[in-house]
Amino acid sequence: MSDVSLTVNGRRVSGNAEDRTLLVHFLREHLGLTGTHVGCDTSQCGACVVHVDGRAVKSCSMLAVQASGSTVVTIEGLADGAELHPVQAAFKEHHGLQCGFCTPGMIMTATDMIARHPQGLDEATVRAELEGNICRCTGYHNIVKAILAASETMAKGAKGKAKQAA
Amino acid sequence: MYSVNYHRASSVADAARQLKNGDAKLLSGGMTLIPAMKTRLASPSDLVDVSRLKELQGVKVSGKTVTIGAATTHYDVSTDEKLKKVCPALAHMASLIGDPAVRHRGTIGGSIANNDPAADYPAALLALGATIVTNKREIAADKFFKGLFETALKEGEIVTAVSFTAPAKAAYQKFRNPASRYAIVGVFVTKGKDGARAAVTGAGEDGVFRSKEIEAALAKNFDAAALGGLKVPAKGLMSDIHASADYRANLIAVMAKRAVAAANA
Amino acid sequence: MGIEGVGARVARKEDKRFITGGGRYVDDMVVPGMKHAVFVRSPHAHAHIKKIDVKKAQAMPGVVGVLTGKELKADGIGNLICGWMIHSKDGTPMKMGAWSPLAVDKVRYVGDAVVIVVADTKGQARDAAEAVEITYKELKAVVDATKAIQSGAPQIHAEAENNLIFDWELGDGKATDAAIKSAAHVTRMKIVNNRLVPNAMEPRAALGHYDKAEDHYTCWTTSQNPHVARLVMSAFYNVAPENKLRVIAPDVGGGFGSKIYIYPEEIVCLWASKKTGVPVKWVADRTESFLSDAHGRDHVSTVEMAFDKDNRITGLKVDTIANLGAYMSLFSSCVPTYLYATLLSGQYNIPAIHANVRTVYTNTAPVDAYRGAGRPEATYVLERMMETAARELGVSPAELRRRNFITSFPHQTPVIMAYDAGDYNASLDAAMKAADYAGFTKRRADAAKQGKLRGIGMSCYIEACGLAPSSAVGSLGAGVGLWESAEVRVNAVGTIEVLTGSHSHGQGHETTFAQLVTQRFGVPIDSVSIVHGDTDKVQMGMGTYGSRSGAVGMSAIVKALDKVEAKAKKIAAHLLEADEGDIVIENGEVKVAGTDKSLPWFQVALASYTAHNLPAGMEPGLKETAFYDPSNFTFPAGCYICEVEIDPETGTTEIIQFVAADDFGNIINPMIVEGQVHGGIAQGVGQALLEGAHYDSSGQLLTASYMDYTMPRAGDLPSFKVSTSNTPCPGNPLGVKGCGEAGAIGSPPAVINAITDALGVVDIAMPASPATVWATIRATKH
């Protein structure tokens, strides 16, 4: 057993867990954050993607104790209060989800992808970057559309903010 | 996953000490080890985490000499601007490993110490004629990769860095297994001061290997045309539900040609 | 239509919870005192169980219980059944072998559940599961259905000699043989439909909770039809009487057929909860899903298609062997029969059809419905045959199809179905235009200059959906009726709850169903809630599969809405002192037509509950229930075109474009319909290019994780070009046909027709992986 201390969605949390506890299980079972899902055993489906220290990672392939000391953002922490994150809003607007199971991982992957491509995204890049996220419902068509739209919205938002700052 | 005891190493020396516990294993990014433990295929008693050690992080470029800390992630290698200038092929190769989330955690040291027969880095390091630096010695890549999941590493030995001289030309081409996305065949070619080298991953029954046929053809003329009539023997190549040995032999030739074309582009 | 009514692209009401991490799936459920279960499964494909020793496991840390099939049988828990009776052509009933939820004497496939271990944590349960000692005596296994029916093959169930479950036929054999004999041309093919694993992203899960004080069971389960689960577990498996069993299917992460059936695990979790005195939760890991979820497809067919000198089809003869796996799953028998052979007329006038189907036990996972269920197999047979015939006859694939299209409706096929409406030329025209079919020759030549092989293929599919008229399916052997129920509850403040027996696991019912209500009463969509998936809330329902929730589920809602509307109008007429016939309901107001007299909707609702001033003799309240039983199947149809480019050096196939032109009848929410088509196409393309379940000859599943089973990823697919040209369905009040399965039904032959066109070969096996394509090219060269 080890003590695990994390900052999750802006809140400092700690708990005691078996060393073999995966980060995803710590989030789900110790913290009750069940938005992060487990869809495979081989770190391929991406339903478990969260951000650790600002980077998208698969929380099914990391021990909770490995993450101790880190800052974690999960799907529950993405929206700004009642206001949806632009990626969440785009998934809704463009019907980028059906059963919703892969969706949290998709959205966390998408926000990370957009952040790493401030110059913008094209369809081929989005599809390649979704390598580690499997969806069985949507055929990806509307997921790709949603991510491209969110990327544009966020770029405009950033420009707007830059203007305001100037 | 079986029960395990986790230790976070404070230094390489500390990690070496901790490794003496029971059946301890080093943990870096964990992208192979943790999934193997989840399916109970691996069952170390202890894990010694070196992924946060500052001394193992980062890419250093000095002239043509490149040194990469063992705990540098694939993402950091793939996006390193200095590396992209002197050896863009390696940055490109790192960008093809797994998926973005895997690249954020997986490390070069973990990849080569594991020496998965379908991993990408072993091919790159062989073709680059790299040196693997451990806490005890330096090992030439040609001597380091020993077979399936086997390396020259001795008990308690820890990879700390890899270094190589950037070649004049290099490129990597990978043909993915449609399911696992690991390489069915990956070919890394280089043209350095000692001539052409070509290493193949994903295909060999004994893991990564240098292709005599390709290197011989490229020795005279480092050009895709030189590989026109190349026949790669299927003997010694893996055969599974995804690819026969014949198919892999064909892909080696095709990927080699494309790699050389990319290196010359 | 209004911005939230029928026909509008309304963003989904249910999305909020899914995009914020608030979805509630079975694995998210926590009950006080809950423990975790792991199943010990057979590592052998076929073996006798000689001995089970659980002592060591029982002594492991955290273990609450280790239970076997013997104890389960002793408690009277029944065997799993197949709920659709099929008779062989000699009149004998299908040979159903016993399927115990936990194997007792014999295991019949790798993954067969043998023991359940319950412990404080999943890790402890798994540790203890490894300590269960089972002695097996291995038997020879058979995984290939064509081998399993040969004499001398391993005998899997005593009940089924030579593993033959039934030998069934449909159609007129004599007339078909005569047509083939007198034909100007006969096209012959052997056609294999590869075995698939459904792979809903949420693995199956069950949480069983026995409440001792109430002697009552609650089961949270990943089900597409919780009411059927309750019915079957009560009536056949003897878990508990219906009034003592509540089944809840909360948010379910995709089904695609695989979550229709009642599996051993939910039965065993409920029983184990009573046995151990704690709530028991089981969640499959992915490999467990690969091993134990019902698989799909797995047909081998020999086909002959006869043409006259004018290229008109005169007869079709199909001989199919269908692999049903180790046990007969709940609806396994109807998939290769009434959901398959009845669709063999396709979109074509075919005077004589004969289908013979033999179903076979093998030492593999049970096979049952997977998206499309029987209809993809029929479409694949027909559309591959049409393509090959066109090439043999030297006519264009489009021309051959047009020549044989059914153009007048209703149309009675020789295989039961009576098509009610359609316009197959319209779909074909739309698809060819969208694909710039005319420009293909140039694109092919351009690609050839780059060393690439281009091909184009089409597929004109039809499916029978809206399952299904109860008396019709009853006469064909179904154990249940396939109606649907709805209850519309108008609350005193005018908000509305609709209770439905349909189940949404991605289809967006919470939105489309609410659109019907908004359309009818003009109330905001946010004031309408859809309630489903809980047997304590919804009285009875048949669930969601077979693209039935629109045509059947929504029709039931329409019927209930009719009743609510009639009563509301009566109340309003009374209050407004007007004639009932003059009352109209618009934009949330109940008005007297042609006057300025009106009441807000909520006031009518309120009046029904205050009951201070109702028409004489009227009961208070505004709540109505309806059951809708369809009079016919519905017949969605369409044309799909796929264009591929193959890299001959590596065998890689790239989909350059994929066009779908569908006829779904009237559409409630086009955005959701398009999403259904996208997903279906991805699964169909997956079948054609990527996916295949592969057992070795000893019965080990070699493709038991995403490391070996190729799931379609974003990079494997293009964006799709989808459109609809619709003929309303005359058989139901909304004129809808259903859209959930079309993509998976229509796309595989389009892809394979394109690949074989590119390669200049007659056939290629699915999945046409790069390795397979490369080997085919090499074989052609030699």
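Residues numbered from 1 in each chain as written. Chains lettered and ligands numbered in written order. Predicted model: local features only at pLDDT ≥ 70, side-chain atom pairs only at ≥ 80, totals over all residues. Heavy atoms only, no water.

It is worth spelling out the sheet that holds strand β3 (residues 49–52) of chain A at this point. All names here are of chain A. Here five strands make up an open sheet; going across it, the order is β2-β1-β5-β3-β4 and the pairing mixed. Each edge of the open sheet is held by one strand with a lone partner, namely β2 (11–17) and β4 (55–58). Between one strand axis and the next, the sheet turns by 40° as a mean value, whatever way the strands run. Sheet analysis places strand β1 (residues 2–8) next to β2, joined by seven bridges and oriented antiparallel. Paired with D3 across the bridge in β2 is N16. Where helix α4 (residues 103–116) meets the sheet, it contacts β3, β4 and β5 (71–73), and its direction lies at approximately 40° from that of β3. (Pairing = 2+ DSSP bridges. Helix = DSSP H or I, 4+ residues; strand = E, 2+ residues; numbered from the N terminus. Axes fitted to C-alpha atoms, helices over the stretch in contact; angles between N-to-C directions. Contact = heavy atoms within 4.5 Å.)

With that settled, consider the sheet that holds strand β14 (residues 313–325) of chain C. Residue and element names in this part refer to chain C. Read across the open sheet, the five strands follow the order β7-β15-β14-β13-β8; overall the sheet is mixed. Where the open sheet ends on each side, the last strands, each with one partner, are β7 (164–171) and β8 (185–196). Adjacent strand axes in the sheet meet at a mean angle of 10° when their direction is disregarded. As judged from the seven bridges shared by β7 and strand β15 (residues 353–361), these two strands associate in the antiparallel manner.

What follows concerns the pattern of salt bridges. All names here are of chain C. A full pass over the atoms with the stated rule returns 74 salt bridges over all chains. The partner of D562 in a salt bridge is R520, and the shortest N-O contact between them spans 2.8 Å. A residue pair is termed long-range when its members are at least 10 positions apart, and D562 in helix α16 (residues 549–576) and R520 in helix α15 (residues 509–521) qualify at 42 residues. Among the residues examined, D562 registers a relative accessible area of 36% and is labelled partly exposed. Note that E565 and K569 form a salt bridge whose closest N and O atoms lie 2.8 Å from each other. (Salt bridge = Lys/Arg side-chain N within 4 Å of Asp/Glu carboxyl O. Buried < 20%, exposed > 50% of the residue type's maximum accessible area, 1.4 Å probe, protein only.)

On the surface, K20, K136, K143, K146 and K154 of chain B cluster together into a positively charged patch. In this fold, K143 of chain B is placed in helix α9 (residues 141–144). (Patch = residues over 30% accessible without salt bridge, like charges linked within 9 Å, V, L, I, M, F, W, Y side chains within 5 Å. Areas by Shrake-Rupley, 256 points an atom, 1.4 Å probe, with all protein chains shown as cover. Lys, Arg positive; Asp, Glu negative; His and termini not counted. Charge placed at Lys NZ, Arg CZ, Asp CG, Glu CD.)

All names here are of chain C. By secondary structure assignment, the location of D423 is in the loop between β17 (418–419) and α12 (424–434). Its relative accessible area of 36% is what places D423 among the partly exposed residues. Sequence separation between D423 and Q347 is 76 residues, and the spatial gap between their C-alpha atoms is 9.5 Å. In contact with D423, not counting residues within four places along its chain, are D663 and T727. Within the local environment of D423, its side chain forms a polar contact with the backbone nitrogen of A426, the two atoms lying 3.1 Å apart. (Polar contact = N/O pair within 3.5 Å; in protein donor to acceptor, adjacent residues only side chain to side chain.)

What follows deals with the domain arrangement of chain B. The domains assigned to chain B are domain 1 (5–49) and domain 2 (168–265). A C-alpha centroid distance of 33 Å is found between domain 1 of chain B and domain 2 of chain B. (Domains from an automatic or database assignment.)

With that settled, the discussion passes to the pairing of strand β27 (residues 652–663) of chain C. Residue and element names in this part refer to chain C. By the criterion of burial, β27 is predominantly enclosed, with nine of the 12 residues buried. Linkage of strand β26 (residues 637–647) to β27, two consecutive antiparallel strands, is achieved through a turn of four residues, within which G651 is found at a positive phi near 80°. One ladder, built from four bridges, connects β27 with strand β28 (residues 721–724); its direction is parallel. Its bridge partner being in β28, A660 is matched across the sheet by V722. Where the polypeptide runs from β27 across helix α18 (residues 670–690) and back to β28, its parallel neighbour, the crossover connection is right-handed. (Right-handed = clockwise from strand over helix to strand, strands pointing away.)

Further remarks concern the interface of chain B and chain C. Residue-level contacts link 20 residues of chain B with 22 residues of chain C. Linking chain B with chain C are seven salt bridges, by the criterion used here. The partner of R40 of chain B in a salt bridge is E130 of chain C, and the shortest N-O contact between them spans 3.2 Å. If you tally residues by element for the side of chain B that touches chain C, the top one is helix α11 (residues 245–264) of chain B, at eight residues. Looking at side-chain class alone, the side of chain B that touches chain C contains 11 nonpolar, four polar and five charged residues. (Nonpolar A, V, L, I, M, F, W, Y, C, P; charged D, E, K, R; others polar.)

Opposite the 52 residues of chain C that make contact, chain A presents 41 residues. Across the chain C/chain A interface, buried area totals approximately 3,900 Å², and carbon plus sulfur atoms make up 55% of it. When residues of chain C are sorted by the area they lose upon contact with chain A, I19, M201 and R713 of chain C head the list and together hold 19% of the total. Counting across the chain C and chain A interface gives four salt bridges. At the junction of chain C and chain A, the tally comes to 29 residue pairs in polar contact (both at pLDDT 80 or more). At the level of secondary structure, the elements contributing two or more residues to the side of chain C that touches chain A comprise α1 (15–19), α4 (122–131), α9 (286–292) and α18 of chain C. In terms of residues, the side of chain C that touches chain A owes the most to one element, α18 of chain C, which gives eight residues. Looking at the side of chain C that touches chain A residue by residue, the class counts come to 23 nonpolar, 18 polar and 11 charged. (Buried area = accessible area lost by both parts, 1.4 Å probe.)

What follows covers the packing of aromatic side chains. Residue and element names in this part refer to chain C. Under the counting rule described, the total for this entry stands at 25 aromatic pairs over all chains. Aromatic pair W168 and Y338: ring centres 5.2 Å apart, planes at 80°, arrangement edge-to-face. Taken together, the residues W168 in strand β7 and Y338 in the loop between β14 and β15 connect sequence positions 170 residues apart. An identical accessibility class is assigned to W168 and Y338; each is buried. Aromatic side chains Y640 and F658 sit 5.9 Å apart centroid to centroid with 70° between the ring planes, which places their arrangement in the edge-to-face category. Here Y640 is found in strand β26, whereas its partner F658 is found in strand β27, with 18 residues between them in sequence. (Phe/Tyr/Trp six-rings, centres within 6.5 Å; stacked < 30°, edge-to-face > 60°.)

This part is about the layout of surface pockets. In this structure, the second largest pocket occupies an estimated 1,500 Å³ of space. In terms of lining, the second largest pocket is formed by 49 residues, of which the most central are A128 and E131 of chain A, R176 and R181 of chain B together with G715 of chain C. Taken together, the residues of the lining of the second largest pocket break down into 18 nonpolar, 15 polar and 16 charged. (1 Å grid on protein atoms, 1.4 Å probe; cavity = no way out; pocket = protein on both sides within 12 Å on 5 of 7 lines; lining within 4 Å. Points joined across faces, edges and corners; volume = space filled by probe spheres on them.)

With that settled, the discussion passes to the side chain of E14 of chain C. Residue and element names in this part refer to chain C. With respect to the helices, strands and loops of the structure, E14 is situated in the segment before α1. R12 is the oppositely charged side chain nearest to the buried, salt-bridge-free E14, at an N-O distance of 4.4 Å. Here the side chain of E14 touches E510 through a polar contact of 3.1 Å, landing on its backbone nitrogen. In this structure the side chain of E14 is engaged in a polar contact, spanning 2.5 Å, whose partner is the side chain of T511. Sequence-distant contacts of E14, that is, excluding residues within four places in its chain, are made with S504, G508, H509, E510 and T511.

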